[in-house]
Amino acid sequence: MSSVIESMKAVQGDITKFEVDAIVNAANHTLLGGGGVDGAIHRAAGPELVEECKTLGGCKTGGAKITKGYNLPAKHVIHTVGPIYSRAGGEAPELLASCYRRSLEVAAENGLKTVAFPAISTGVYGYPIESATGIAVKTAHDFLEKHPDMEVQFVCFSERDLAVYLKELKSYRE
Ligand code: AR6
């Protein structure tokens, strides 16, 4: 049982529509765009986003870098690079945890309070949704314990992913 649980919620939707301080992008090393949620964020933000991304010099796996949100309702985009599950081996859990932790640290450093995450690495990068969700919720929970003024939303694209998140969040209430 923890009051931090009140600062985390899972919802189904398109993250590009979320009016929060920052949405997190599941990007690749180049930070220059791609498919999936990355493509959707760049399309909705408009071409100025990639122009700012070009100045960032890429990002390593587990790292996070911030830009403005441009045409998005979100004020900022925090770009993180998840592990490719089949290649990361035993380091995959820690690298995925680092994506969530570093994204939240970057948000806090910039005074941001509300952060929305997609299910990082669980699309093209192949991370199994159940274990990825366990890492996402635990890492956000541990961070929010130290930052009670912040809020996290887990934005699930599919109903199935939402069910996995809701089950995981419920386990923190028991
Ligand atoms: N809103 C919320 N979630 C979404 C949206 C959306 N609009 N679109 C997709 N998702 P993926 P990855 C979900 O593949 O596995 C890109 O090409 C999707 O259903 O976008 O980290 C990058 O450039 C899944 O649950 O990201 C990288 O090369 C989740 O977002 C690579 O894909 C993540 O799926 C990154 O792969």
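Just so it is clear, the structure is predicted and the values come from calculations on it, not from any experiment.

Caption draft 1: Molecular detail of the side chain of Ser 98. Tracing the sequence through the fold places Ser 98 in helix H4 (residues 92-109). Apart from residues lying up to four places away in sequence, Ser 98 is in contact with Gly 62 and Ser 103.

Caption draft 2: Broad picture of the site of the ligand. Taken together, 21 residues sit near the ligand, with Asn 28, Gly 35, Val 37, Asp 38 and Ser 121 positioned nearest. At a separation of 2.7 Å, an oxygen atom of the ligand approaches a polar side-chain atom of Asn 28. Tyr 125 is positioned such that a nitrogen or oxygen atom in its backbone is 3.0 Å from an oxygen atom of the ligand. Relative to its unbound accessible area of 710 Å², the ligand is 89% covered by the protein chains. The cavity where the ligand resides is the largest pocket.

Caption draft 3: Examining the pattern of salt bridges more closely. Taken as a whole and judged by the stated rule, the model has 10 salt bridges. Glu 6 is the partner of Arg 173 in a salt bridge, and the nearest nitrogen-oxygen pair spans 3.6 Å. Remark: Glu 6 occurs in the segment before strand E1 (8-12) and Arg 173 occurs in helix H6 (residues 159-173); sequence separation between them is 167 residues. One salt-bridge network, held together by shared partners, links Glu 130, Arg 160 and Asp 161.

Caption draft 4: Highlighting helix H1 (residues 36-45). Taken residue by residue, H1 has Asp 38, Gly 39, Ile 41, His 42 and Ala 45 as its buried positions. Projected down its long axis, H1 shows its buried positions confined to an angular sector of 165°, all on one face. Facing away from the buried side of H1, by more than 90 degrees, are the exposed residues Gly 36 and Arg 43. Where H1 is buried, its residues contact strand E2 (22-27), helix H2 (47-53) and strand E4 (76-81). Phi turns positive one or two residues past the end of H1, at Gly 46, with a value near 95°.

Caption draft 5: Fine view of the layout of surface pockets. Roughly 520 Å³ of internal volume is contained in the largest pocket. The wall of the largest pocket is formed by 25 residues, among which Ala 26, Gly 36, Val 37, Asp 38 and Gly 123 lie closest to the centre. Mapped by element, the contributors of at least two residues to the lining of the largest pocket are E2, H1 and strand E6 (151-156). Broken down by element, the lining of the largest pocket gets its largest block of residues, 4 residues, from H1. The residue inventory of the lining of the largest pocket, partitioned by class, reads 13 nonpolar, 9 polar and 3 charged.

Caption draft 6: Structural context of the pairing of E2. Burial within E2 is extensive, with 5 of its 6 residues counted as buried. Sheet topology places E2 next to strand E5 (residues 114-117); 2 bridges connect them, and they run parallel. From the neighbouring strand, Ile 23 faces E5, where its bridge partner is Ala 116.

Caption draft 7: Representation of the sheet that holds E2 within the structure. Across the sheet, which stays open at both edges, the 6 strands sit in the order E1-E6-E5-E2-E4-E3 with mixed pairing between neighbours. Because the sheet does not close on itself, it has two edges, and the strands there are E1 and strand E3 (64-68). Neighbour to neighbour, the strand axes of the sheet diverge by 25° on average, direction disregarded. Two elements, E5 and E6, share 4 bridges in a ladder whose sense is parallel.

Rules behind the numbers
Residues numbered from 1 in each chain as written. Predicted model: local features only at pLDDT ≥ 70, side-chain atom pairs only at ≥ 80, totals over all residues. Heavy atoms only, no water. Helix = DSSP H or I, 4+ residues; strand = E, 2+ residues; numbered from the N terminus. Contact = heavy atoms within 4.5 Å. Near = heavy atom within 4 Å. Polar contact = N/O pair within 3.5 Å; in protein donor to acceptor, adjacent residues only side chain to side chain. Areas by Shrake-Rupley, 256 points an atom, 1.4 Å probe, with all protein chains shown as cover. 1 Å grid on protein atoms, 1.4 Å probe; cavity = no way out; pocket = protein on both sides within 12 Å on 5 of 7 lines; lining within 4 Å. Sits in = over half its atoms within 2 Å of the grid points. Salt bridge = Lys/Arg side-chain N within 4 Å of Asp/Glu carboxyl O. Buried < 20%, exposed > 50% of the residue type's maximum accessible area, 1.4 Å probe, protein only. Arc of directions from axis to C-beta. Points joined across faces, edges and corners; volume = space filled by probe spheres on them. Nonpolar A, V, L, I, M, F, W, Y, C, P; charged D, E, K, R; others polar. Pairing = 2+ DSSP bridges. Axes fitted to C-alpha atoms, helices over the stretch in contact; angles between N-to-C directions.

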